[in-house]
Amino acid sequence: MIPADLPPQRAAVLAFLRRELAAGRAPSLAEIAAAFGFASRNAAQKHVQALLADGLLEQLPGRKRGLRLPGGDADLLPLPVLGRVAAGPPIGADIGLDQQFWLDRRLFALRPDYLLRVQGDSMIDDGILDGDLVGVQRTPEARDGQTVVARVDGELTIKRLQRGPRCIHLLPRNRAHAPIEVRPGQDFAIEGVYCGLVRPA
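Residues numbered from 1 in each chain as written. Predicted model: local features only at pLDDT ≥ 70, side-chain atom pairs only at ≥ 80, totals over all residues. Heavy atoms only, no water.

- The name that an unreviewed UniProt entry assigns to the chain is LexA repressor, with the source organism given as Stenotrophomonas acidaminiphila.

This is the structure:
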């Protein structure tokens, strides 16, 4: 329930934030200002600060998009989107995308540290589709057969890992795509292991 004594515009801001946060999105001040036609972020900030002071919102310290609902579910994880990953030939990652989602940790087999947006169709037989957000747990180690995010010659790809006697194979899950062979001495690193995915509506 929205308190009856809130000014109409502040009540509208609160309703907007509740909808966005419940959907796993934490809007920035610029996004709040744009949604309500405010001339600057300052007006949005005044509403947010008043809602925080009234205990109708909570703020996680040190986070740019740290707004959450009071008594927020302990099972929700704030996960930043850190760029794109290729399900196909490797592509460069555009690290620094200003987006964050609050997602139920039960969506993931492992606890992810961040999300990457999939570009391409080389993993469709594993149910990983173009446009999906994949959760990634940071680790330089992985077992054979695990789906990993790997850096090859400075670019990122998501594939199944297979270590061979002479080289490492990064296997697609779509017969239309060829495996990637990583030779000794080639620039290669495992950035993390796949934890699960979210398919944006």
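Having seen the structure, we can now continue with the description.
**Description of the overall build of the chain**
Consideration 1: Each helix and strand counted, the chain has three helices and 11 strands in total.
Consideration 2: Ordered by position in the sequence, the α and β elements of the chain form the string α-α-α-β-β-β-β-β-β-β-β-β-β-β.
Consideration 3: For the chain, the spread of C-alpha atoms along the three principal axes comes to 70 × 30 × 30 Å.
Consideration 4: Burial statistics for the chain: of 201 residues in total, 41% are counted as buried.
Consideration 5: Within the chain, counting contacts between residues at least 6 apart in sequence, those at least 24 apart form 59% of the total.
Consideration 6: Accessible surface computed for the chain: about 10700 Å², of which carbon and sulfur atoms make up 51%.
Consideration 7: Between the centroid of the 26 positive side chains of the chain and the centroid of its 23 negative side chains there is a distance of 2 Å. (Helix = DSSP H or I, 4+ residues; strand = E, 2+ residues; numbered from the N terminus. Buried < 20%, exposed > 50% of the residue type's maximum accessible area, 1.4 Å probe, protein only. Contact = heavy atoms within 4.5 Å. Areas by Shrake-Rupley, 256 points an atom, 1.4 Å probe, with all protein chains shown as cover. Lys, Arg positive; Asp, Glu negative; His and termini not counted. Charge placed at Lys NZ, Arg CZ, Asp CG, Glu CD.)

**A few points about the nonpolar core**
Consideration 1: Leu-6, Val-13, Leu-14, Leu-17, Ile-32, Leu-51 and Leu-57 are the most contacted members of the largest nonpolar core, which has 19 residues in total.
Consideration 2: Of all the elements in the fold, those that place two or more residues in this core are helix H1 (8–22), helix H2 (29–36) and helix H3 (41–53).
Consideration 3: Per-element tally for this core: the top contributor is H1, with six residues.
Consideration 4: When sequence neighbours within four positions are dropped, the list of residues in contact with Leu-6 reads Ala-11, Leu-14, Leu-51, Asp-54 and Leu-56.
Consideration 5: Formed by 13 residues, the second largest nonpolar core is a distinct cluster that contains Val-85, Ala-87, Tyr-114 and Val-136. (Core = buried A, V, L, I, M, F, W, Y, C linked by side-chain atoms within 4.5 Å.)

**A closer look at H3**
Consideration 1: In a regular helix each residue adds 1.5 Å, so 13 residues correspond to 18 Å; H3 covers 18 Å between its end C-alpha atoms and thus fits that length.
Consideration 2: For H3, the full list of buried residues reads Ala-44, His-47, Val-48, Ala-50 and Leu-51. When H3 is viewed along its axis, its buried side chains cluster within an angular range of 160° and face the same direction. The outward face of H3, more than 90 degrees from its buried face, is lined by the exposed residues Arg-41, Lys-46 and Ala-53. (Expected span 1.5 Å × (residues − 1). Arc of directions from axis to C-beta.)

**Description of the packing of aromatic side chains**
Consideration 1: Applying the stated rule across the entire model yields two aromatic pairs.
Consideration 2: Consider the rings of Phe-16 and Phe-36, whose centres lie 5.6 Å apart with planes at 90°: the pair is edge-to-face. On the criterion of sequence distance, the pair formed by Phe-16 in helix H1 and Phe-36 in helix H2 is long-range, its members being 20 residues apart.
Consideration 3: By relative accessible area, which is 14% here, Phe-16 ends up buried.
Consideration 4: Residue classification places Phe-36 among the partly exposed positions, given a relative accessible area of 25%. (Phe/Tyr/Trp six-rings, centres within 6.5 Å; stacked < 30°, edge-to-face > 60°.)

**Some details on the pairing of strand S8 (residues 155–163)**
Consideration 1: Across six bridges, strand S7 (residues 147–152) lies against S8 in antiparallel orientation. For Ala-150, the partnering residue across the bridge sits in S8 and is Thr-157.
Consideration 2: Of the pairings in the sheet, the one linking S8 to strand S9 (residues 168–171) comprises four bridges and is antiparallel in character. Bridge pairing in S9 places Arg-160 opposite Leu-171. (Pairing = 2+ DSSP bridges.)

**Regarding the side chain of His-169**
Consideration 1: Tracing the sequence through the fold places His-169 in strand S9.
Consideration 2: Within the local environment of His-169, its side chain forms a polar contact with the side chain of Glu-181, the two groups lying 3.5 Å apart.
Consideration 3: Once residues within four sequence positions are removed from consideration, His-169 is found in contact with Arg-160, Leu-161, Gln-162, Ile-180 and Glu-181. (Polar contact = N/O pair within 3.5 Å; in protein donor to acceptor, adjacent residues only side chain to side chain.)

**Quick word on the environment of Ile-168**
Consideration 1: Position of Ile-168 relative to the elements: it lies in strand S9.
Consideration 2: Residue classification places Ile-168 among the buried positions, given a relative accessible area of 18%.
Consideration 3: On a C-alpha basis, the gap between Ile-168 and Arg-183 in space is 6.8 Å, while along the polypeptide they are 15 residues apart.
Consideration 4: For Ile-168, the residues in contact, after removing those within four places along its chain, are Leu-161, Gln-162, Arg-163, Ile-180, Glu-181, Val-182 and Phe-188.

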